[in-house]
Amino acid sequence: MQKLYKYLVLAFLVLLLGNKAQSQSSTGSTDTTITSIEADLVNIFQQKTPKTYKVAGVKVVGNRFFDENLLISIANINVGDDIKIPGGDNFAKAITKLWSQNYFSNIEIYLTKLEGKNIWVEIEVTERPRLSKFYFRNTRKSESEDLSGKTGLVPNRVVTENMKITAVEAIKKYYAEKGFQDAKVEIQETKDSSLNNTLTLNFIVDKGIKVHINNINFGGNANVEEGKLKKQLKDTHEQSRFTLFPTYDKGMIVEAKHYTFDDYLKEKGYLTFSRTKKVLDPYVRIKFSSAKFNDKKFESDLDNILTYYNSLGYRDAVILQDTVYHTKKGDLNVDIKLQEGRKYYFGNITWRGNTKFSDSVLTSIMGIRKGDTYNMEILDKKLGKNASPEGGDISGLYQDDGYLFFRTDPVETAVYNDTIDFEIRIVEGPQATIKNIRIAGNDRTKEYVIRRELRTIPGEKFSRTDLVRSNREIAQLNYFNQEKINIQPIPNPEDGTVDINYTVEEKSSDQLELSAGWGGVIGLTGTLGVSFNNFSIRNIWKKSAWDPLPMGDGQKLSLRIQSNGKAFRSYNFSFTEPWFGGKKRNALSFSIYNTKYGQTYNPVTGQYDPNYSNQSSITTTGVTVALAKQLKWPDDYFSLTTAVSFTRYNLNNYAIDPVNLPGFDNGYAHNVNLKLTLQRSSVDQPLFPRSGSNFMASVQFTPPYTMISDKIANSTNPYEWIEYHKWRFNGEWFIPLGKPGGAEHNKQFVIRTSVKLGFLGRYNQDLQVSPFERFQVGDAGLSNQFALLGYDIIAHRGYPVYSSSNPKINPDQQSTRQYFTIFNKYTMELRYPLSLNPSSTIYALGFFEAANGWYSMKDYNPFQLRRSVGIGMRFFLPMFGLLGFDYGIGLDRFTPNNALKDAARFTFMLGFEPE
């Protein structure tokens, strides 16, 4: 079939005639005659006067993966378009647009037909091959897995030069970060025979020799020690060094040698070495550090050096030269040449433009005196340019009084010798009034629940302290991702107001407890509990609100059931309305519980008998109503809680505690008490506090029955109406260490210290201290059957429950039947967050703990304590609450015959942090 000649338009509109159409005769001869249509196509490009032609048809050939209409749209040549020939640039632009997509290796445009002023256009494309598979050669399996993500290679994508270059750069960067500075990568392309127009890419990796930093040398540092400068290099370190002291003479070092890691191994003849194994030489001091070199991190470290110099007053310090070069062994040496310049000091600091506060007030708050070492970072911080939530700077002083538009400009007015004078120029601006409060992101929580926690109220003056406090109050709700709470003030200079936008991210705060455990003589016990921490009781009857539960009003509803059949069962219910009355933060809570514990050991038969629990049991029923009121004095971090509780103990042929309750195995005991709790909490957030403190002082007391009525005092059942007074004090502090860092910007070490004290007293000195409401000290803070007497359970990691106050008596050898009336506990923890994600907050900790208990004030000795150390982990999962694991070593459990394992104890906690 004879084909028409096609006229090719190249990227720059270069005309190319195709080969003449061939027509094979029956004898094999070739017809080379040019038809009149072909001649017309040639003539329109050779005519001297440009003419306009109309596109009558457009089609695309050669496309396999791309839609024809899409390519025509990109080329922008459409039916009906007018094209000037010659002289028009439509075809050139079309080729340029298609070529810029990087999807084609060749693009040609043909005119296939001409009728009068109508032309037909054909776009022929050659698609680039697509990626079928890719492999990394000469790499470990783990490295290949890492590289697959870092290179961004995805099968079935078009293979472009940019894709290959990007992948090679990613591979080299990956190995450079591991110390292989001279890694080489070669790409081998092979066609995939199983798929048309696809390629397999093989990345041949030659990592080369791993390069370590051998020495870091400083020059020009006359006033700052080299060791201090090396500490500023956070990510650039020398190769680890050993100090070996092989020779001693009467306690004096005769010979000392310093080794690099490699030199030491070579001298000792070690071919391989594991850092987890012990080094046999007894006098080897080892310090391991990463000695890899990274260009970007090195540049950042150089900035750290200048920042450090500036903090010491050397504001003119510069790095004249930094040189990185290879040693003969192939490692790197780094030379840094410095020019320190003169050390400067602050001179006179004056103020200009301040009308609200006097010079003396501003100078006092700034805290910089004449003669202090010059440090621009401190000056900026004191002025509030790098404001911290804690405040205490000039900007905070003004902004807390509404001066949102306040700004400062420190100007050097004089530099003489080594002294610099400053004039702080202040523009106070007008006081800003809060106009609009907007809240976004609360998908489940009602807006009024958030709004009532805010300290920023429309119509009031703007205050930075109120913003910080509002952030804390929202975090304390525990309904939102605490790391994603965002507060954005939007100033309106035209009318002197400010809008404040609050953005939150909802998280699950409800908890489900579903567990089973083995409880000694009572056997297998199952637990089912749910806590709805953002409940809406007013919508409980609305069918539309059950999605899946009525939520969003900030109330708390908890249900918990435990049972193993006949021996033990427990029901618990509680409800809390945090804003009782709706106008003030007055939390009203109500709880009720009922517990039955049956004796399953039949003393007559001497056998286990679950039916015997009907003949011997204790039933405890309790109800508590509490009202917590926020106070305004001394400050509004304080709250006062008043709680009234009633507990009834019903004993049915059950000797719960023959030691503390002799002869009391049938009848009732009643505990009616009033508890007053004064608390102050200023922690920044509930799950992983970084700052703030908690203090709690409480007194819990019953009426003094025996002092009121002789009948009760002389009753045959002295426990029918329990009497006591109990005093508690808890204090804990959270102190952040260093600056936040890590992948999550707010990761940092936090020290937690706490002090806990308790005392249980009596009204009538002729009676013993109440056996109820005592203090159980030791173990993980989990209860046992004696907790039915209302004991406060005080955990002590590394120790079992103990009853003797003498630390020399090993509690492992005791049978704990009597608990304390006095206790002290001191704790110090170092915490570090591993994950602050709301779906799983995880942190590790190390602890030192000391505690003890006493039976009377006569025996009390606050310095006689049991000590322990250990490590632990905490996992907070929204659905299940807190999971905790601790491994503690009781330092006072050691005996001459005890190994470390005999003094250690593993403890587990679920649902709450024990006291």
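Structural notes, computed from the coordinates.

Cut-offs applied
Residues numbered from 1 in each chain as written. Predicted model: local features only at pLDDT ≥ 70, side-chain atom pairs only at ≥ 80, totals over all residues. Heavy atoms only, no water. 1 Å grid on protein atoms, 1.4 Å probe; cavity = no way out; pocket = protein on both sides within 12 Å on 5 of 7 lines; lining within 4 Å. Points joined across faces, edges and corners; volume = space filled by probe spheres on them. Core = buried A, V, L, I, M, F, W, Y, C linked by side-chain atoms within 4.5 Å. Buried < 20%, exposed > 50% of the residue type's maximum accessible area, 1.4 Å probe, protein only. Helix = DSSP H or I, 4+ residues; strand = E, 2+ residues; numbered from the N terminus. Contact = heavy atoms within 4.5 Å. Axes fitted to C-alpha atoms, helices over the stretch in contact; angles between N-to-C directions. Parallel < 35°, antiparallel > 145°, perpendicular 65-115°, else oblique. Left-handed = near helix turned anticlockwise from the far one by under 90°. Nonpolar A, V, L, I, M, F, W, Y, C, P; charged D, E, K, R; others polar. Polar contact = N/O pair within 3.5 Å; in protein donor to acceptor, adjacent residues only side chain to side chain. Pairing = 2+ DSSP bridges. Arc of directions from axis to C-beta. Salt bridge = Lys/Arg side-chain N within 4 Å of Asp/Glu carboxyl O. Patch = residues over 30% accessible without salt bridge, like charges linked within 9 Å, V, L, I, M, F, W, Y side chains within 5 Å. Areas by Shrake-Rupley, 256 points an atom, 1.4 Å probe, with all protein chains shown as cover. Lys, Arg positive; Asp, Glu negative; His and termini not counted. Charge placed at Lys NZ, Arg CZ, Asp CG, Glu CD.

## A word on empty space enclosed by the protein
So, step 1. Summed over the entire model, instances satisfying the criterion amount to three cavities of 30 Å³ or more.
So, step 2. Approximately 70 Å³ is the volume found for the second largest cavity.
So, step 3. Along the walls of the second largest cavity sit Phe-480, Asn-481, Gln-482, Glu-483, Lys-507, Gln-685, Leu-687, Phe-688, Leu-836, Pro-838 and Thr-841, which together make up its complete lining.

## Observations regarding the nonpolar core
So, step 1. By size, the foremost hydrophobic cluster in this structure holds 27 residues, and its most contacted members are Ile-85, Phe-91, Leu-111, Val-121 and Ile-123.
So, step 2. Broken down by secondary-structure element, the contributors of at least two residues to this core are α1 (36-46), β3 (51-61), α2 (68-75), β4 (82-85), α3 (90-99), β5 (104-115) and β6 (118-127).
So, step 3. The element contributing the most residues to this core is β5, with five residues.
So, step 4. Once residues within four sequence positions are removed from consideration, Val-121 is found in contact with Val-55, Gly-57, Val-58, Lys-59, Phe-91, Ile-109, Tyr-110 and Leu-111.
So, step 5. Core analysis: the second largest hydrophobic core is formed by 26 residues, Leu-651, Ile-722, Phe-772 and Tyr-799 among them.

## Points about the packing of helix α4 (residues 141-150) against helix α5 (residues 161-177)
So, step 1. Here α4 crosses α5 at 130 degrees, and the two axes come no closer than 10 Å. Regarding the angle of α4 to α5, the classification is oblique. Note on packing geometry: the crossing formed by α4 with α5 is right-handed. Contacts from Glu-143, Asp-146, Leu-147 and Lys-150 of α4 reach α5 at Ala-170, Ile-171, Tyr-174 and Tyr-175.
So, step 2. Here the contact of α4 with α5 is composed, by residue class, of five nonpolar, no polar and three charged.

## Observations regarding the side chain of Ser-558
So, step 1. Along the polypeptide, Ser-558 turns up in strand β24 (residues 555-563).
So, step 2. We classify Ser-558 as buried; its relative accessible area is 14%.
So, step 3. At a separation of 3.2 Å, a polar atom in the side chain of Ser-558 contacts the side chain of Ser-531.
So, step 4. Beyond its immediate chain neighbours, meaning those up to four positions away, Ser-558 contacts Val-530, Ser-531, Asn-572, Phe-573 and Ser-574.

## Notes on the sheet that holds strand β19 (residues 433-440)
So, step 1. Read from one edge of the open sheet, three strands run β19-β21-β20, paired in mixed fashion. Across the chains shown, the open sheet's two edge strands, defined by having one partner strand only, are β19 and β20 (486-492). Averaged over all pairs of adjacent strands, the angle between strand axes in this sheet comes to 20 degrees, irrespective of strand direction.
So, step 2. Relative to strand β21 (residues 497-503), β20 runs antiparallel, the two being bridged by seven bridges.

## Overview of helix α10 (residues 376-383)
So, step 1. Listed in full, the buried residues belonging to α10 are Leu-379, Asp-380 and Leu-383. Buried residues of α10, seen end-on, are gathered within an arc of 95 degrees and therefore sit on one face of the element.
So, step 2. Contacts made by the buried residues of α10 are with β16 (345-352), α9 (359-366), α11 (394-399), β17 (407-416) and β18 (419-427).
So, step 3. Its side-chain oxygen placed 3.0 Å from the backbone nitrogen of Glu-377, Asn-375 serves as the N-cap of α10.
So, step 4. Where α10 terminates, the next one or two residues include Gly-384, which has phi positive at roughly 100 degrees.

## Quick word on the environment of Tyr-448
So, step 1. Here Tyr-448 lies in helix α12 (residues 447-451).
So, step 2. Judged by its relative accessible area of 35%, Tyr-448 falls in the partly exposed class.
So, step 3. The spatial distance from the C-alpha of Tyr-448 to the C-alpha of Gly-552 is 9.6 Å, given a sequence separation of 104 residues.
So, step 4. For Tyr-448, the contacting residues outside a window of four places in its chain are Arg-538 and Asp-553.

## A short note on unusual backbone geometry
The general pattern is negative phi for most residues beyond glycine and trans for most peptide bonds.
So, step 1. Look at the link from Trp-633 to Pro-634: it is a cis peptide, with omega at 0 degrees.
So, step 2. Structurally, the position occupied by Pro-634 is in the loop between β29 (617-630) and β30 (638-652).
So, step 3. One non-glycine residue, Asn-156, lies in positive phi territory at about 80 degrees.
So, step 4. For Asn-156, the position within the fold is in the loop between α4 and α5.
So, step 5. Judged by relative accessible area, which is 46%, Asn-156 ranks as partly exposed.

## Topic: the side chain of Ser-616
So, step 1. Position of Ser-616 relative to the elements: it lies in the loop between β28 (607-608) and β29.
So, step 2. A residue is classified by how much of its surface remains accessible, and Ser-616, at 4% relative accessible area, is buried.
So, step 3. Polar side-chain contacts of Ser-616 include one of 2.8 Å to the backbone oxygen of Asn-653.
So, step 4. Contacts of Ser-616, omitting those with residues within four sequence positions, involve Tyr-597, Gly-598, Gln-599, Asn-652, Asn-653 and Tyr-654.

## Topic: the pattern of salt bridges
Oppositely charged side chains can pair when the atoms bearing their charge come close.
So, step 1. All told, the structure shown has 44 salt bridges when counted by the stated rule.
So, step 2. The partner of Lys-726 in a salt bridge is Asp-792, and the shortest N-O contact between them spans 3.2 Å. Here Asp-792 lies in strand β36 (residues 792-794) and Lys-726 lies in strand β33 (residues 725-741), a separation of 66 residues in the sequence.
So, step 3. Residue Lys-726 is classed as buried on the basis of its relative accessible area, which comes to 2%.
So, step 4. Residue Asp-792 is classed as buried on the basis of its relative accessible area of 17%.
So, step 5. Ionic pairing is found between Arg-867 and Asp-892, a salt bridge with its closest N-O pair at 2.9 Å. Remark: Asp-892 occurs in the loop between β40 (881-890) and α16 (900-903) and Arg-867 occurs in strand β39 (residues 866-877); sequence separation between them is 25 residues.
So, step 6. Classification of Arg-867 as partly exposed rests on a relative accessible area of 37%.
So, step 7. Relative accessible area serves as the criterion here: at 19%, Asp-892 is assigned to the buried category.
So, step 8. Through salt bridges with shared partners, a single ionic network connects Glu-732, Arg-752, Arg-797, Lys-825, Glu-829, Arg-831, Glu-849, Arg-874 and Asp-886.

## Looking at the environment of Asn-652
So, step 1. Within the secondary structure, Asn-652 sits in strand β30.
So, step 2. For Asn-652, a relative accessible area of 32% corresponds to the partly exposed category.
So, step 3. In this structure the C-alpha to C-alpha distance between Asn-652 and Ser-613, which are 39 residues apart in sequence, comes to 9.7 Å.
So, step 4. In this view, Asn-652 contacts Asn-614, Gln-615, Ser-616, Ser-617, Asp-665 and Asn-666; residues no more than four positions away in its chain are not counted.

## A few points about the environment of Gly-731
So, step 1. Inspection of the secondary structure assignment puts Gly-731 in strand β33.
So, step 2. A sequence separation of 52 residues divides Gly-731 from Gln-679, and the C-alpha atoms of the two residues are 9.7 Å apart.
So, step 3. Those residues in contact with Gly-731 that lie beyond four places of it in its chain are Asn-694, Phe-695, Thr-753, Ser-754 and Val-755.

## As for a negative patch on the surface
So, step 1. Residues Asp-295, Glu-299, Asp-303 and Asp-322 make up a contiguous surface patch of negative charge.
So, step 2. Among the elements that line the negative patch, the one with the most residues is helix α8 (residues 295-311), at three residues.
So, step 3. The residue Asp-322 is located in strand β14 (residues 318-326) in this model.
So, step 4. When its relative accessible area of 34% is taken as the criterion, Asp-322 is described as partly exposed.

## Regarding a positive patch on the surface
So, step 1. Taken together, the side chains of Lys-150, Lys-173, Lys-178, Lys-210 and Lys-296 make up a positively charged region of the molecular surface.
So, step 2. For Lys-210, the location among the structural elements is in the loop between β9 (198-206) and β10 (213-219).

## Some remarks on a nonpolar patch on the surface
So, step 1. On the surface, Trp-733, Ile-735, Leu-737, Phe-749 and Leu-830 cluster together to form a nonpolar patch covering roughly 420 Å² of accessible area.
So, step 2. Ranked by residue count, the leading element in the nonpolar patch is β33, at three residues.
So, step 3. One can find Leu-830 in strand β37 (residues 822-837).

## Looking at the pairing of β6
So, step 1. Pairing geometry for β3 and β6, over seven bridges, is parallel. In the sheet register, Val-55 faces β6, and the bridge partner there is Ile-119.
So, step 2. Of the strand pairs in this sheet, β5 and β6 are connected by 10 bridges, and their pairing is antiparallel. Following the sheet pairing, Glu-115 is matched in β6 by Asn-118.

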